[in-house]
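# Residue-level structural notes
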Amino acid sequence: MSIDDELRWDGELTVARHDRETGTTFVIRIDSTRLGPASGGTRAAHYPSIGHALADAGKLAGAMTLKMAVSDLPMGGGKSVIALPAPRNRIDSATWSRILDIHAENIDKLEGNYWTGPDVNTNSSDMDQLSRTTKYVFGRSVDNGGAGSSAHATALGVFEAMKATARRRGLGTLDGRKVLVQGLGAVGGDVVRLAAQAGARLLVADTDPQRLEAASLAGHTIVPADEVLRTSCDLFAPCAMGGIIDSAAAASIPTLAVAGAANNILTDAAAGEVLRSRGVLCAPDFVANAGGAFHLVGREVLGWNEDDVVERTRGIGRTLDEVYSLSEERGITTEAAALLLARTRLSPASTTAAAT
Ligand code: NAD
Ligand code: PPY
């Protein structure tokens, strides 16, 4: 993943900055402002190279464009990646604070063309700190006037996606079904709770022993993190990281359906084709995980209350039904069908696009 290759990208803008003192590289990528200012969270991680950070930011920004379009939200797609000099848990608080201040300066220079929010390794209190330097921030803590964490809304949307996907795959309700959740974090932990309430039998995996212990005490079955793709289940819910299903995994994963929170679950279109050929029904992630965007954009831009967010998030099941019908009619993957829906709204002829 060379920087040269990664800069050959079809999005609107790449912004990069390096801070020598902390050894951190900052990337902001704006994929599209066609429907409104670009928006998407800030991810902090230790990447093997700057090329990997650029690639991740570009793919995540593209997914945000599709998420906003398919969800009928008046925003474009963007994402920030903070390429840390070490894993997040090895960064001390003074260093982290400097990193956030520099990131906020970068966002502010974009003058509202990009709005950030929380993503992996950033939270509402980080958004509070960013907001001391720039106003282009969603998801500040509630005490600080923001909408707070989007994780509950994301989890509710994923749960709706799981139900719609199980139903369409001929599994009926989740009651008694074997559901494997990978990642018991802010979203996955809530997905487990909702699925358990619906009567599912939960298999769970995480790399964090404390999270596994809590899940075990709640009566769920623990699956070793490196056994996930070999564990038989009715529905697999990836709620940890993206890029989990490539063509090889798609050819062998012992499940009937996939619906989860992670962005970019499939490595490429070919993996979607393999799943389709095996009859594994896969909920496109940019449809399934849009609950967080409904929460952040709905509450902070559109003036929605909590009930509005819940109602729109529950609608994710209906959007997926539309996606699945289109996929059946056209004989295309569910990912391709969702792309068609999103691109209809993104096309220049669409009259629903916000004037920006
Ligand atoms: P989180 O950091 O709170 O949780 C992630 C969990 O995954 C952690 O418990 C971590 O230990 C675990 N994990 C990491 N690597 C793992 C592995 N190899 N195997 C098993 N478990 C592993 O993150 P989150 O906010 O719950 O988000 C989860 C996913 O959903 C992310 O990919 C994120 O981009 C996506 N997402 C989140 C939101 C949101 O509102 N938070 C919205 C849209 C998409
Ligand atoms: C995501 O949904 O993947 C995010 O990054 C969260 C988000 C959603 C909408 C605006 C900003 C951040």
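Now for a quick tour of the structure. Worth saying up front: this structure is predicted, and the values here are computed from it rather than measured.

## Observations regarding a nonpolar patch on the surface
The grouping of Ile3, Leu7 and Ile50 at the surface amounts to a nonpolar patch, some 240 Å² of accessible area in total. Tracing the chain through its elements places leucine 7 in helix H1 (residues 3–7). Look at leucine 7 and you get partly exposed, because its relative accessible area is 48%.

## Let's talk about helix H14 (residues 334–346)
With 13 residues, H14 extends 18 Å from end C-alpha to end C-alpha; this agrees with the ideal 18 Å at 1.5 Å per step. Buried within H14 are the following residues: Thr334, Ala337, Ala338, Ala342, Arg345 and Leu346. Its buried side turned inward, H14 meets strand E2 (24–32), helix H2 (50–70), strand E12 (281–282), helix H10 (285–288) and helix H13 (316–330).

## Observations regarding the packing of aromatic side chains
One pass over the structure, following the stated rule, counts three aromatic pairs. Among the aromatic residues, those joined into a ring-pair cluster are Trp115, Tyr136 and Phe138. Positioned above the aromatic ring of tryptophan 9, the side-chain terminus of arginine 29 is 4.1 Å from the ring centre. Of note, arginine 88 hangs over the ring of tryptophan 96, and the distance from its end group to the ring centre comes to 4.0 Å.

## Here we look at the packing of helix H12 (residues 306–314) against H13
Contact pair H12 / H13: the axes reach a minimum separation of 4 Å and the direction vectors enclose 20°. Regarding the angle of H12 to H13, the classification is roughly parallel. Residues Arg312, Thr313 and Arg314 of H12 pack against Ile316, Gly317 and Arg318 of H13. Here the residues of the contact of H12 with H13 are counted per class, giving one nonpolar, two polar and three charged.

## Observations concerning unusual backbone geometry
Phi is positive for aspartate 72, which is not a glycine, with a value near 60°. Relative to the helices and strands, aspartate 72 is located in the loop between H2 and strand E5 (76–83).

## Remarks on the site of ligand 1
Neighbouring residues of ligand 1: 25 residues in total, closest Ser150, Thr154, Asp206, Arg211 and Ala240. One of the side-chain nitrogen or oxygen atoms of aspartate 119 is found 3.2 Å away from an oxygen atom of ligand 1. A distance of 3.4 Å separates an oxygen atom of ligand 1 from a polar backbone atom of alanine 261. For the shell around ligand 1, the elements supplying multiple residues, two or more each, are helix H5 (151–168) and helix H6 (186–197). Residue classes in the shell around ligand 1 are distributed as eleven nonpolar, eight polar and six charged.

## A word on the side chain of aspartate 190
Following the sequence through the fold, aspartate 190 ends up in helix H6. The class for aspartate 190 is buried, based on a relative accessible area of 10%.

## Describing the pairing of E2
Most of E2 is tucked away: nine of the nine residues are buried. Between strand E1 (residues 13–19) and E2, which pair antiparallel in sequence order, lie four residues; one of them, glycine 23, sits at a positive phi of approximately 70°. Looking at chain direction, E2 and E5 are connected through seven bridges and run antiparallel. Counted as the bridge partner of serine 32 is glycine 77 from E5.

What counts, and at which threshold
Residues numbered from 1 in each chain as written. Chains lettered and ligands numbered in written order. Predicted model: local features only at pLDDT ≥ 70, side-chain atom pairs only at ≥ 80, totals over all residues. Heavy atoms only, no water. Patch = residues over 30% accessible without salt bridge, like charges linked within 9 Å, V, L, I, M, F, W, Y side chains within 5 Å. Areas by Shrake-Rupley, 256 points an atom, 1.4 Å probe, with all protein chains shown as cover. Salt bridge = Lys/Arg side-chain N within 4 Å of Asp/Glu carboxyl O. Helix = DSSP H or I, 4+ residues; strand = E, 2+ residues; numbered from the N terminus. Buried < 20%, exposed > 50% of the residue type's maximum accessible area, 1.4 Å probe, protein only. Expected span 1.5 Å × (residues − 1). Contact = heavy atoms within 4.5 Å. Phe/Tyr/Trp six-rings, centres within 6.5 Å; stacked < 30°, edge-to-face > 60°. Lys NZ or Arg CZ within 6 Å of the ring centre and 35° of its normal. Axes fitted to C-alpha atoms, helices over the stretch in contact; angles between N-to-C directions. Parallel < 35°, antiparallel > 145°, perpendicular 65-115°, else oblique. Nonpolar A, V, L, I, M, F, W, Y, C, P; charged D, E, K, R; others polar. Near = heavy atom within 4 Å. Polar contact = N/O pair within 3.5 Å; in protein donor to acceptor, adjacent residues only side chain to side chain. Pairing = 2+ DSSP bridges.

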